[in-house]
Amino acid sequence: PRRVGVLALQGDVREHLRVLSDLGADVTVVRRPEELADVEGLVIPGGESSVIDKLSRAFGMREPIRAAIADGLAVYGTCAGLILLADRITGGIEGQQTFGGLDVTVRRNAFGGQVDSFETDLDVPVLGPDPVHAVFIRAPLVEQIGEGVESLATLADGRIVAVRQGRLIGTAFHPEVSGEHRFHQLFLDTVAQHR
Ligand code: GLN
């Protein structure tokens, strides 16, 4: 199995480690540039994007992550992870930065606060006919996508909640907390294909 990492600065790292190891991946935590250099794919977890942003700078991880993305690293971001992959965000805190890579505009906390968290079933054609049970927690929304970006899933009203652009995948929801493994499998397949 290929070695993949979960960025472990803040967020639901453990849940991602569990799904990836259930899928047979050789998985490790990534906190330092040397650890990043050792993985063929990276998951950016859900959590608080502004905190992950700040910690990535404090830990000297921002530039290495940006360079790795530019170099073609496969990355899967859930929720805060999607925000961090977006080239453009709205509703960020003062000075908030992202790693970028996905040619999308993402709105933070698009559904309101913690009380506005919700669950729903989504049709995700790229993952097959069975719906994905999606958990949204203070979730972002993809407001705009560039030409090279595929929408992988929308809410019933058409708003985009999952995207892919080359080796980058982002979901506004958290498959890792609902026992859904197919997005992580898609990520591992991407890692395998682009080796
Ligand atoms: N609202 C959070 C943020 O801006 C994301 C929430 C989540 O990852 N569940 O980072």
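Residues numbered from 1 in each chain as written. Predicted model: local features only at pLDDT ≥ 70, side-chain atom pairs only at ≥ 80, totals over all residues.

Quick word on the overall build of the protein
Reasoning step 1: A count of helical and extended segments in the protein gives 6 helices and 12 strands.
Reasoning step 2: Scaling as 2.2 N^0.38, a compact globule of 195 residues should have a C-alpha radius of gyration of about 16 Å, and the protein matches this with 15 Å.
Reasoning step 3: Its C-alpha atoms give the protein principal-axis dimensions of roughly 45 × 40 × 30 Å.
Reasoning step 4: Put simply, the protein has 195 residues, and 45% of those count as buried.
Reasoning step 5: Of all intrachain contacts in the protein linking residues separated by at least 6 positions in sequence, the fraction that spans at least 24 positions is 65%. (Helix = DSSP H or I, 4+ residues; strand = E, 2+ residues; numbered from the N terminus. Rg over C-alpha atoms; globule rule 2.2 N^0.38 Å. Buried ≥ 20, exposed ≤ 12 C-beta atoms within 10 Å, placed from the backbone. Contact = placed C-beta atoms within 7 Å.)

Some details on the confidence of the model for the protein
Reasoning step 1: Of all residues in the protein, 97% have pLDDT values of 70 or greater, and the mean over the chain is 96.
Reasoning step 2: Of the two predicted TM-score estimates for the complex, the pTM is 0.97 and the ipTM is 0.95. (pLDDT = per-residue confidence, 0-100.)

Points about the nonpolar core
Nonpolar side chains in soluble globular proteins generally cluster together in the buried interior.
Reasoning step 1: Judged by nonpolar contacts, the single largest core of 60 residues is most densely connected at Leu42, Leu85 and Ala172.
Reasoning step 2: The element contributing the most residues to this core is helix H5 (residues 80-85), with 5 residues.
Reasoning step 3: Discounting chain neighbours no more than four positions away, the residues touching Leu85 are Ile44, Val75, Gly77, Thr98, Phe99, Gly101, Leu102, Leu168 and Gly170. (Core = buried A, V, L, I, M, F, W, Y, C linked by C-beta atoms within 7 Å.)

A look at the site of the ligand
Reasoning step 1: Surrounding the ligand, one finds Gly46, Gly47, Glu48, Ser49, Cys79, Ala80, Ile83, Arg108, Asn109, Ile137 and Arg138.
Reasoning step 2: Residue composition of the shell around the ligand, by class: 4 nonpolar, 4 polar and 3 charged. (Near = placed C-beta within 6 Å. Nonpolar A, V, L, I, M, F, W, Y, C, P; charged D, E, K, R; others polar.)

Regarding helix H6 (residues 182-193)
Reasoning step 1: Compared with an ideal rise of 1.5 Å per residue, which puts 12 residues at 16 Å, H6 spans 16 Å between its outermost C-alpha atoms and is within 8% of the ideal.
Reasoning step 2: Among all positions in H6, only Phe183, His184, Phe187, Leu188 and Val191 are buried. The arc that holds the buried residues of H6, viewed along the axis, is 140°, so those residues lie on one side. Those residues of H6 that are exposed and angled more than 90 degrees off the buried face are Asp189 and Gln193. (Expected span 1.5 Å × (residues − 1). Arc of directions from axis to C-beta.)

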